[in-house]
Amino acid sequence: VMYNGSDIYVVIDELADLLLLNPREFIAPLQHIAQLGRAAKIHLIACTQSPSRKTLPAAIILNMTHRIALRCDSAIESRQIIGQPGAELLPQYGYAILKAPGEIKNLQIPMTAPEKLKERQEMFYYPMSVRKNTAPRPTFWARLRAILGI
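Report on the accompanying structure. (Residues numbered from 1 in each chain as written. Predicted model: local features only at pLDDT ≥ 70, side-chain atom pairs only at ≥ 80, totals over all residues. Heavy atoms only, no water.)

For helix H2 (residues 23-40), which comprises 18 residues, the first-to-last C-alpha distance of 25 Å matches the rise-based estimate of 26 Å (1.5 Å per residue) to within 8%. Within H2, burial applies to Phe26, Leu30, Ile33, Ala34 and Gly37. The arc that holds every buried residue of H2, seen down its axis, measures 100°, which confines them to one face. More than 90 degrees from the buried face of H2, the exposed residues found are Arg24 and Ala39. Phi turns positive, to about 60°, at lysine 41, one or two residues after H2. (Helix = DSSP H or I, 4+ residues; strand = E, 2+ residues; numbered from the N terminus. Expected span 1.5 Å × (residues − 1). Buried < 20%, exposed > 50% of the residue type's maximum accessible area, 1.4 Å probe, protein only. Arc of directions from axis to C-beta.)

So, on to the environment of leucine 62. Residue position: leucine 62 is located in the loop between helix H3 (58-61) and strand S3 (67-69). With relative accessibility at 64%, the residue leucine 62 sits in the exposed group. In the structure, leucine 62 is positioned 28 residues away from alanine 34 in sequence and 9.0 Å away in space, judged by C-alpha atoms.

Moving on to the pairing of strand S4 (residues 95-100). Of the pairings in the sheet, the one linking S3 to S4 comprises three bridges and is antiparallel in character. Paired with alanine 69 across the bridge in S4 is isoleucine 97. Bridge count between S4 and strand S5 (residues 103-108): six bridges; the pairing is antiparallel. Paired with tyrosine 95 across the bridge in S5 is glutamine 108. Where S4 folds back onto S5 in an antiparallel hairpin, the turn is made up of two residues, including glycine 102, whose phi is positive at roughly 85°. (Pairing = 2+ DSSP bridges.)

On to a nonpolar patch on the surface, then. A contiguous nonpolar patch, built from Tyr9, Val11 and Ile45 and spanning about 310 Å² of accessible area, is present on the exposed surface. You can see valine 11 is positioned in strand S1 (residues 8-12). On the basis of relative accessible area, valine 11 is assigned to the exposed category, the value being 55%. (Patch = residues over 30% accessible without salt bridge, like charges linked within 9 Å, V, L, I, M, F, W, Y side chains within 5 Å. Areas by Shrake-Rupley, 256 points an atom, 1.4 Å probe, with all protein chains shown as cover. Salt bridge = Lys/Arg side-chain N within 4 Å of Asp/Glu carboxyl O.)

Once that is clear, we can look at the nonpolar core. Counting residues in each nonpolar core, the largest one holds 22 residues, and the members touching the most others are Val10, Leu30 and Leu44. Listed by contribution, the elements that provide at least two residues to this core are S1, helix H1 (15-21), H2, strand S2 (42-46), H3 and helix H4 (75-82). Discounting residues that sit within four places of it in the chain, leucine 44 has contacts with Val10, Ile12, Leu30, Ile33, Ala34 and Met64. (Core = buried A, V, L, I, M, F, W, Y, C linked by side-chain atoms within 4.5 Å. Contact = heavy atoms within 4.5 Å.)

Bringing the sheet that holds S5 into the picture now. Pairing in this open sheet of three strands is antiparallel, and the strands run S3-S4-S5 from one edge to the other. Either end of the sheet is taken by a strand with one partner, and the two such strands are S3 and S5. Sheet twist, expressed as the average angle between the axes of neighbouring strands with direction ignored, equals 25°. The strands touched by H4 within the sheet are S3 and S4, with S3 carrying the most contacts at an inclination of about 160°. (Axes fitted to C-alpha atoms, helices over the stretch in contact; angles between N-to-C directions.)

Take a look at the structure:
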């Protein structure tokens, strides 16, 4: 597949699970994707429910220019994400703090109804009966390498 110049989005849900499973295997590729992002239109979207130093290494955080923090449990978690306290004071739903280069903004985030989320999940996940009858899927990194041609 040839890259036609449009943006590529790499979405990682629950980064903590990925990095705690095998950090040596994932930190270097994630850091590389984050570094490529600026020049090659590759956007890394990483989510975690436990923003600690173990789950968010400095090598990855420093290469992410924009970061969004929802409500955190403590000021330490807030500092880990956006570099300063404040996210622990946000209301539970609907608000976030965006850290962009040179600025910090408060954001209001719309909430998606659970019914709509269920519809979206059904678009992306297949029932087990369908999965059994298909060939094994290539790994995430193999698919990404094929898209990028590396």
